[in-house]
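Understanding the architecture of this molecule
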Number of protein chains: 2
Amino acid sequence: MARRSDHNREELYALAIGAARQIVESDGIKALTARNVADVIGYSPGTLYNLFDNLDDLIVHLNGSTLDDLFDKVSALEQSGDPESDCKALLGSYLDYLNDHPGLWYALFDYAIPTTMTVPSWYVRKIERLMEILRVAIAPLYADTQMDETARAASVLWAGLHGITSLSNDGKLQLVSEDDVEDLASFLVTTFIAGIQSRARQ
Amino acid sequence: MARRSDHNREELYALAIGAARQIVESDGIKALTARNVADVIGYSPGTLYNLFDNLDDLIVHLNGSTLDDLFDKVSALEQSGDPESDCKALLGSYLDYLNDHPGLWYALFDYAIPTTMTVPSWYVRKIERLMEILRVAIAPLYADTQMDETARAASVLWAGLHGITSLSNDGKLQLVSEDDVEDLASFLVTTFIAGIQSRARQ
DNA sequence: TCATTTAATTGAACAATGTTCATTTTTCAA
DNA sequence: TTGAAAAATGAACATTGTTCAATTAAATGA
């Protein structure tokens, strides 16, 4: 059998990503196999290889759609102009997403793309778009001329928050007393911002 | 054939871990298969299952030995008592290890233990032992009574540094201008410490 | 010394995986 | 109506983790 016209290429792509998302959300990334995705969308495994180079490519596309989701959620927040409270609001929104979609988050950040595969530029752009929001939030800490400095601080803060969520998610971060992830992340934001202000005064 | 007396259980364990390390160092964690390890040590795949519950268990043990290595390297550093320079020395040592043994580092931090497997307590202890060194380095920033506060700050700094190395290693951190990992990590240490000092003054 | 028990080691076997590709079938254009 | 192009298939292949009955060497005891 062949050449059904049930769906065109775009629809098929959307179907596949949707199925992948559903599988990852309910059973984790380990359940994301070519045969499983094919079953869900009612096509054969081979068809997936018309759409994606391989399974890793499919995962990258799934992660791309997760990044879009995250962006929509986070960019909906209104910023007050106060770096600390804005960063914490962003953080809260981010942690909410992590709690609501642990499987997707795990696939996004803890599943490592094989070194044989270079990260596509559209993927990098999606990350940058997210980081840009953080950049805007901390911009009041810097003069308009310090674009590079602002960008660097945003990168570091972003990576720092990622480190906390990532390690604690893997159980690799021994939590102190009754601290939870939110406490630690909040501590990082407060301290980091205080550090920037303190150094600016000198 | 069976019951060779070439090696006792301990020797066999050491052989297997050694083989695993060798494979991971030269060809990455993807090459770490039961059959590969068995080939290297001259035993059959089945024998590995007398020593380890499964491959993930073997990886956890390999990571345990990597943590020991890291501890030996990092604990050899003499601390001056100045938090910033001590943290940066630790950081430098850590980054050296990452550069020298990317495969082992990747297996240690970017390979996620499946959620079905709980992190063993001896493994957590090895991590804590490493973090303790960082705790000592930043201790001068706090009063002796602030043990919890010190521990929390060490956790956050540790996780933050991990976030930077981890993301940049995966190509998921768009680096600003000519910044490299060391610059970003250094920036985090400086700013974070300045933040602690600044807040202590108030 | 020989028979029996115990334990280690094997390797064939199984189910599941990613991936390929000759074959088949449908659609589209001429 | 015919022929070419494209889409979809699913059987097939190589590999994977893992199990376990069978096999063999060592340890034990008489």
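This one's a predicted model, so the numbers in the text were calculated from it and none came from an experiment. (Residues numbered from 1 in each chain as written. Chains lettered and ligands numbered in written order. Predicted model: local features only at pLDDT ≥ 70, side-chain atom pairs only at ≥ 80, totals over all residues. Heavy atoms only, no water.)

We now examine the overall build of chain A. Counting its secondary structure elements, chain A contains 9 helices and 0 strands. Along the chain direction, N to C, the helices and strands of chain A fall in the order α-α-α-α-α-α-α-α-α. Across its three principal directions, the C-alpha atoms of chain A cover 75 × 40 × 35 Å. In chain A, of all internal contacts separated by at least 6 residues, the share reaching a separation of at least 24 is 68%. If you average the places of the 16 positive and of the 30 negative side-chain charges in chain A, the two averages end up 7 Å apart. (Helix = DSSP H or I, 4+ residues; strand = E, 2+ residues; numbered from the N terminus. Contact = heavy atoms within 4.5 Å. Lys, Arg positive; Asp, Glu negative; His and termini not counted. Charge placed at Lys NZ, Arg CZ, Asp CG, Glu CD.)

Contacts between the two partners involve 50 residues from chain A, matched on the other side by 50 residues from chain B. In this assembly, chain A packs against chain B so that about 4100 Å² is buried in total across both faces, 68% of it on carbon and sulfur atoms. Our enumeration of links across chain A and chain B arrives at 0 salt bridges. Our count for the contact surface shared by chain A and chain B stands at 0 residue pairs in polar contact (both at pLDDT 80 or more). Mapped by element, the contributors of at least two residues to the side of chain A that touches chain B are α6 (102-110), α7 (121-138), α8 (147-169) and α9 (181-200) of chain A. (Buried area = accessible area lost by both parts, 1.4 Å probe. Salt bridge = Lys/Arg side-chain N within 4 Å of Asp/Glu carboxyl O. Polar contact = N/O pair within 3.5 Å; in protein donor to acceptor, adjacent residues only side chain to side chain.)

Within this structure, the stated rule accounts for 12 salt bridges over all chains. Notably, a salt bridge pairs Arg152 of chain A with Glu149 of chain A, separated by 3.8 Å at the nearest N-O pair. Of this pair, Arg152 of chain A and Glu149 of chain A both sit in helix α8, separated by 3 residues, roughly a single helical turn. Of the charged contacts, one joins Asp68 of chain B and Arg129 of chain B as a salt bridge, the two residues approaching to 3.0 Å between their closest N and O atoms. Here Asp68 of chain B is found in helix α4 (residues 55-75), whereas its partner Arg129 of chain B is found in helix α7 (residues 121-138), with 61 residues between them in sequence.

UniProt feature "domain: HTH tetR-type" (unreviewed entry): in the numbering of this structure it lies at residues 10-70 of chain A. Taken as a whole, residues 10-70 of chain A contains 80% helix and 0% strand, while its terminal C-alpha atoms sit 22 Å from one another. (UniProt positions renumbered as here; feature names shortened; annotations may be inferred.)

Those places that UniProt annotates as "DNA-binding region" (unreviewed entry) correspond, in this numbering, to residues 33-52 of chain A. With 75% helix and 0% strand, the stretch residues 33-52 of chain A has end C-alpha atoms that lie 13 Å from each other.

Take α8 of chain A next. A turn of α-helix holds 3.6 residues, and therefore any two residues three or four places apart point the same way. All names here are of chain A. With 23 residues, α8 should cover 33 Å at 1.5 Å per step; its first-to-last C-alpha distance of 33 Å lies within 8% of that length. In terms of burial, α8 is largely enclosed, as 18 of its 23 residues are buried. One or two residues past the end of α8 sits Gly171, with phi positive at roughly 70°. (Expected span 1.5 Å × (residues − 1). Buried < 20%, exposed > 50% of the residue type's maximum accessible area, 1.4 Å probe, protein only.)

What follows covers the side chain of Ser93 of chain A. All names here are of chain A. Within the secondary structure, Ser93 sits in helix α5 (residues 83-100). Judged by its relative accessible area of 7%, Ser93 falls in the buried class. In contact with Ser93, other than residues within four places in its own chain, are Lys73, Val74 and Leu77.

Residue and element names in this part refer to chain B. With respect to the helices and strands, Asn63 occurs in helix α4. In this structure Asn63 comes out as buried when scored by relative accessible area, which is 1%. Setting aside residues up to four positions removed in sequence, Asn63 forms contacts with Ala107, Leu108 and Tyr123.

Our next topic: the domain arrangement of chain A. All names here are of chain A. Split into domains, chain A comes out as domain 1 (1-52) and domain 2 (56-200). The partner domain 2 presents 14 residues to the 9 residues of domain 1 that form the contact. Interface area for domain 1 against domain 2, summed over the two sides, is near 1100 Å², with a carbon-plus-sulfur share of 76%. At the boundary of domain 1 with domain 2, the tally comes to 1 salt bridge. One salt bridge in this structure joins Arg21 and Asp69, with 2.8 Å as the shortest N-O distance. Broken down by class, the residue content of the side of domain 1 that touches domain 2 amounts to 7 nonpolar, no polar and 2 charged. (Domains from an automatic or database assignment. Nonpolar A, V, L, I, M, F, W, Y, C, P; charged D, E, K, R; others polar.)

In this section: the packing of aromatic side chains. Residue and element names in this part refer to chain B. This model, assessed by the stated rule, comprises 14 aromatic pairs over all chains. When the ring of Trp105 is compared with that of Phe109, the centres are 5.6 Å apart and the planes differ by 55°; the resulting orientation is tilted. Taken together, the residues span about one helical turn, with Trp105 and Phe109 both in helix α6 (residues 102-110) at a distance of 4 residues. Each member of the pair, Trp105 as well as Phe109, carries the same accessibility label: buried. (Phe/Tyr/Trp six-rings, centres within 6.5 Å; stacked < 30°, edge-to-face > 60°.)

On to the packing of α6 of chain B against helix α8 (residues 147-169) of chain B. Residues and elements named next belong to chain B. Between α6 and α8, the shortest axis-to-axis distance is 11 Å and the interhelical angle comes to 120°. Relative to α8, the element α6 lies oblique. Judged by the sense of rotation from one axis to the other, the crossing of α6 with α8 is left-handed. Counting all contacts with α6, which are made through Trp105, Tyr106, Phe109 and Asp110, the residues of α8 involved are Trp158, His162, Thr165, Ser166 and Asn169. Looking at the contact of α6 with α8 residue by residue, the class counts come to 4 nonpolar, 4 polar and 1 charged. (Axes fitted to C-alpha atoms, helices over the stretch in contact; angles between N-to-C directions. Parallel < 35°, antiparallel > 145°, perpendicular 65-115°, else oblique. Left-handed = near helix turned anticlockwise from the far one by under 90°.)

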